[in-house]
Amino acid sequence: MNIISHTVEKLHDPTGIIEGERYEFFIVFNVDEDDELFEVNGLELRVLIGQKEDISRIVTYYIKSIDTDTQLDIALDEDEEAEILTFCADKIKDLPQF
């Protein structure tokens, strides 16, 4: 998995369902050409992250084809989830604190 770009936004959770802070990431990435998920223009991963104190967790995610703008019915493996969680947690640390 090669991350090409990302955006992140801190979300307001008026329901309080997710404890702590909530962040939404859109991550554009690509995979090797020999991977069954390979697409020329890459894939987009939407990830919701919950963070309480200094502990981050993936609340939910989905993967979308950029070419067809459709959600794919696939899941990340454990290593990929760990990689994404680390990436997101690091980016959250770099956000300005208000």
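For the structure, check the block above.
Heads up: these notes are all about the structure in this document. (Residues numbered from 1 in each chain as written. Predicted model: local features only at pLDDT ≥ 70, side-chain atom pairs only at ≥ 80, totals over all residues. Heavy atoms only, no water.)

1. Section: the sheet that holds strand β2 (residues 21–30)
This is how it is decided: DSSP-based pairing: two strands are paired if at least 2 bridges between them are found. Secondary structure elements are defined from DSSP: runs of H or I of at least 4 residues count as helices, runs of E of at least 2 residues count as strands, and each element is numbered from the N terminus. Angles run from 0 to 180 degrees between N-to-C directions of axes, and those axes are lines fitted to C-alpha atoms, restricted for helices to the stretch in contact.
The five strands lie next to each other as β1-β2-β3-β4-β5, forming an open sheet whose pairing is antiparallel. The strands lining the two open edges of the sheet, one partner per strand, are β1 (2–11) and β5 (70–72). Adjacent strand axes in the sheet meet at a mean angle of 30°, parallel and antiparallel pairs treated alike. Pairing analysis gives 10 bridges linking strand β3 (residues 43–52) to strand β4 (residues 55–65), with the strands arranged antiparallel. Along β4, the bridge assignment pairs L45 with I63.

2. Quick look at the nonpolar core
Applicable threshold: Put simply, buried Ala, Val, Leu, Ile, Met, Phe, Trp, Tyr and Cys residues joined by side-chain atoms within 4.5 Å make one nonpolar core. Burial classes: relative accessible area under 20% of the type maximum marks a residue as buried, over 50% as exposed, and values in between as partly exposed (1.4 Å probe, protein chains only). We call two residues in contact whenever any of their non-hydrogen atoms come within 4.5 Å of each other.
Core analysis: the largest hydrophobic core is formed by 16 residues, its most contacted members being F25, I27, L45, V47, I49, I84 and C88. Elements supplying a minimum of two residues to this core: β2, β3, β4 and α1 (78–94). Other than its neighbours up to four places away in sequence, V47 contacts Y23, E24, F25, I27, I58, T60, Y61 and I84.

3. Describing the pairing of β3
Counting buried residues in β3 gives eight out of 10 residues, a clear majority hidden from the surface. Pairing geometry for β2 and β3, over nine bridges, is antiparallel. Bridging across to β3, F29 finds its partner in L43. Here β3 hands over to β4 after two residues, with E53 in that stretch at a positive phi of 60°.

4. Concerning the pattern of salt bridges
Note on pairing: side chains with opposite charge can pair once their charged atoms come close. Cut-off, in case you're wondering: For salt bridges, the criterion is a side-chain nitrogen of Lys or Arg within 4 Å of an Asp or Glu carboxyl oxygen.
As enumerated under the stated definition, the model contains five salt bridges in all. Ionic pairing is found between E24 and R46, a salt bridge with its closest N-O pair at 2.6 Å. In this pair, E24 is assigned in strand β2 and R46 in strand β3, connecting sequence segments 22 residues apart. A relative accessible area of 21% places R46 in the partly exposed class. Across the pair K64 and D69 runs a salt bridge whose closest N-O atoms are separated by 2.9 Å. Connected via shared salt-bridge partners are E44, K64 and D69.

5. Topic: the side chain of Q51
Tracing the backbone shows Q51 in strand β3. Excluding residues within four positions of it along the chain, Q51 makes contact with E19, G20, E21, Y23, S56 and I92.

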